[in-house]
Amino acid sequence: TVRVWDGTSGTRRLLLDRIDGVVESVAFPADSALLGVAAGDMVTLWTLPDGKVHRRLWHNEPPVTIAFSPDGRWFATSVARGEIRLWDLRSGSEYPAISAGPGLNGAWFSPDSKTIASAHSNGTIVLWDVSTGKQTASMYGPQRSVEWVDFSPDGLRVASCSDDMMLKVWDVPS
């Protein structure tokens with residue numbers, strides 16, 4: 001079950017109880033018109049505020065993260081075996097998956113929506129070109145499994161946190 005609350009009043013706005021499996025990840029697009037929920041082997045995109053199913057995206061294994069691009073065009077999912085899947089939200093088309101390698105902990109978009117950063121259990125962060133699916137850079141430092149990454153608002157830096165409780169800020173290679 002997913003409950004959507006009004007942060008100001010504290011009242012529940014929506015109850016999504018048609019979810020199978022453990023919820024692994026949730027995400028909103030910039031316009032907040034949808035809510036993405038990864039549970040079990042499926043991602044469901046719900047329309048807001050009515051809570052109707054907009055689209056279901058099936059996977060062979062549970063997604064570890066889901067993300068909407070800031071420009072509202074793309075939706076990405078990542079699975080631990082190393083695949084980043086991309087959908088065009090306008091057309092509903094799925095693009096060829098990015099093979100990011102095993103130990104993938106998640107994937108997130110840059111502010112300009114042109115790059116995806118992936119976090120890996122071997123301590124690596126990899127940057128991918130969204131339009132081509134090709135690797136553009138990788139960063140590795142003295143840290144264990146990178147669990148989460150986020151871009152600075154200007155897209156020039158990436159912050160990462162790892163399971164050894166290290167927070168690191170990286171300059172994005174040009």
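Everything that follows concerns the structure shown earlier in this document.
These remarks concern the structure in this document. Computed from a predicted structure; not experimentally measured. (Residues numbered from 1 in each chain as written. Predicted model: local features only at pLDDT ≥ 70, side-chain atom pairs only at ≥ 80, totals over all residues. Heavy atoms only, no water.)

Some remarks on the nonpolar core
- Ranked by size, the top nonpolar core spans 14 residues in total, and within it Ala-76, Ile-84, Leu-86, Phe-109, Ile-116, Trp-128 and Val-130 carry the most contacts.
- Counting residues per element, the ones that place at least two in this core are strand E8 (74–79), strand E9 (83–88), strand E11 (104–109) and strand E13 (124–129).
- Per-element accounting of this core gives the leading share, three residues, to E11.
- Ile-116 has contacts with Ala-76, Ile-84, Leu-86, Ala-107, Trp-108, Phe-109, Val-126, Leu-127, Trp-128 and Val-130, leaving out every residue within four places of it along the chain.
- Counting 12 residues, the second-largest nonpolar core is a separate cluster that includes Trp-108, Ile-125, Leu-127 and Ala-137. (Core = buried A, V, L, I, M, F, W, Y, C linked by side-chain atoms within 4.5 Å. Buried < 20%, exposed > 50% of the residue type's maximum accessible area, 1.4 Å probe, protein only. Helix = DSSP H or I, 4+ residues; strand = E, 2+ residues; numbered from the N terminus. Contact = heavy atoms within 4.5 Å.)

Here's the deal with the environment of Leu-89
- Mapped onto the elements of the fold, Leu-89 is located in the loop between E9 and strand E10 (94–99).
- Considered as a pair, Leu-89 and Ala-76 are 13 residues apart in the sequence and their alpha carbons are 9.9 Å apart.
- Every residue in contact with Leu-89, bar those within four places of it in the chain, is listed here: Leu-45, Arg-55, Phe-68, Gly-72, Arg-73, Trp-74 and Phe-75.

Brief notes about the pairing of E11
- In terms of residue burial, E11 counts as a mostly covered element, since six of its six residues are buried.
- When E11 meets strand E12 (residues 115–120), the two strands line up antiparallel, connected through five bridges. The partner of Gly-106 across the bridge, within E12, is Ala-119.
- Remark: five residues form the turn of the hairpin made by E11 and E12, two consecutive strands paired antiparallel; Ser-113 in that turn has positive phi of roughly 65°. (Pairing = 2+ DSSP bridges.)

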